[in-house]
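# Descriptive structure summary
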Amino acid sequence: MQQILIIDDERAIRKTLSEILGYEGFKVDEAADGEEGWKLFCATTYDAVLCDIKMPKIDGLEFLSRATEKNPDVPVIMISGHGTIETAVDAVKKGAYDYVAKPPDLNRLLITIRNAVDKNSLAKETKVLKRKVNRVQEIIGESEPILRIKDTIDKVAPTDARVLITGENGAGKELVARWLHEKSNRSNGPLVEVNCAAIPSELIESELFGHEKGSFTSAIKQRIGKFEQASGGTLFLDEIGDMSLSAQAKVLRALQEGKITRVGADKEIAVDVRVIAATNKDLLKETEAKNFRLDLYHRLGVILIHVPSLNNRKDDIPLLVNKFLADIAEDYGQAKKSIDPAAMVALQQHNWTGNIRELRNVVERLIILSGKLITAEDVKNFVLPG
Ligand SMILES: Nc1ncnc2c1ncn2[C@@H]1O[C@H](COP(=O)(O)OP(=O)(O)OP(=O)(O)O)[C@@H](O)[C@H]1O
């Protein structure tokens, strides 16, 4: 139920407003002066406040300034008597949502309150959504290797040291890179990701360093590369093991000198970028096979983080399953399903690929196909072949 606070020293006005708003379905609290109103405001998060301007002790403007400082999302509507209209206009400039004149026109008052409450709930929804979108997903796991990885992230993130993250596809390398950025002093800067395997080798240089208009046939306008885009932040080079040797040479130069040159340009541009790289390949083997430059390997791998596959940290499986059960239920807008301990053991004993996405898909399938309680039978029928 939406809650409104009415602050007015005239009892008759308080009573009338309170009755009407109560009739309209709001829960209403009343305060006879600014001080009492302030105490109530501090104790409850109201959906809107109606506040008289002229009051003993704390007056309406003082209340407004405290309220906007404490919780700027709660709309405050001023009630102005004779001679305070100018003050009311001033209050709106200082952050009041609106004002109504005394005696209030009840229709107008109700519309104003409804609009204010709607605006407030939209603001709240937007905040929740933004938090959901922006938040980096937690690294789930309490196994020894995961605890070690979290510890390394805490130690390494605030430095500018380059990090090479290895592990199978879907093991969680990108998640580690995101946390390295999030916990670094560069977290207000951009995190720019490049999937080196997804870009054709003839385009990778222009992708990384940018190009000048006309520098090659399809370069119809100037383009800023990922190194420049990431300036002040972090550049995440994913699948670095798939980068061509000629691009490797240029990346090496950029790392050595802190400068890049756009394709087709003569001018060098200084870039302030921290590079984090990841690969599912064994880069040392690739250097032996002459597919990867050893000097670049050493430049990139100041700190090495290996993300082990699920089979090497089976203790984490129940935690991950529970997390996915909760996340997927939330996505579907359903209550979280329970899982029988025997079903959990069956999942834990399964021989997983290194890809955590596989486990998530399995949990999603179980949620869709099982009853309220996921049983070992469900796991056998729907998940584990053979
Ligand atoms: N420890 C973890 N806790 C929770 N979720 C995880 C964990 N590790 C990975 N995930 C999730 O699994 C998925 C795959 O992880 P991520 O993309 O980081 O892997 P990757 O190794 O970078 O994969 P790729 O090699 O395909 O780029 C993502 O949705 C990620 O959020």
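These lines cover the structure that appears in this document, whether it is placed above or below.

What counts as what
- Residues numbered from 1 in each chain as written.
- Predicted model: local features only at pLDDT ≥ 70, side-chain atom pairs only at ≥ 80, totals over all residues.
- Helix = DSSP H or I, 4+ residues; strand = E, 2+ residues; numbered from the N terminus.
- Buried ≥ 20, exposed ≤ 12 C-beta atoms within 10 Å, placed from the backbone.
- Near = placed C-beta within 6 Å.
- Nonpolar A, V, L, I, M, F, W, Y, C, P; charged D, E, K, R; others polar.

This part takes up unusual backbone geometry. Following Lys102, the chain continues to Pro103 via a peptide bond in cis, the omega torsion being -10 degrees. Within the secondary structure, Pro103 sits in the loop between β5 (98-101) and α5 (106-134). You will see that Lys57, though not glycine, has its phi angle at about 55 degrees, which is positive. Looking at the secondary structure, you find Lys57 in the loop between β3 (48-52) and α3 (60-70). Look at Lys290: it is not a glycine, yet its phi comes out positive at around 65 degrees. Relative to the elements of secondary structure, Lys290 occurs in the loop between α11 (283-288) and α12 (294-300). Residue Lys290 is classed as exposed on the basis of its 9 C-beta neighbours within 10 Å.

So, about the site of the ligand. The full set close to the ligand counts 16 residues, and Ile140, Gly172, Lys173, Glu174 and Ile356 are the nearest of them. When contributions to the shell around the ligand are tallied by element, the ones reaching two or more residues are α7 (173-182) and α15 (356-369). No other element matches the 3 residues that α7 contributes to the shell around the ligand. Among the residues making up the shell around the ligand, the classes are represented as 5 nonpolar, 7 polar and 4 charged.

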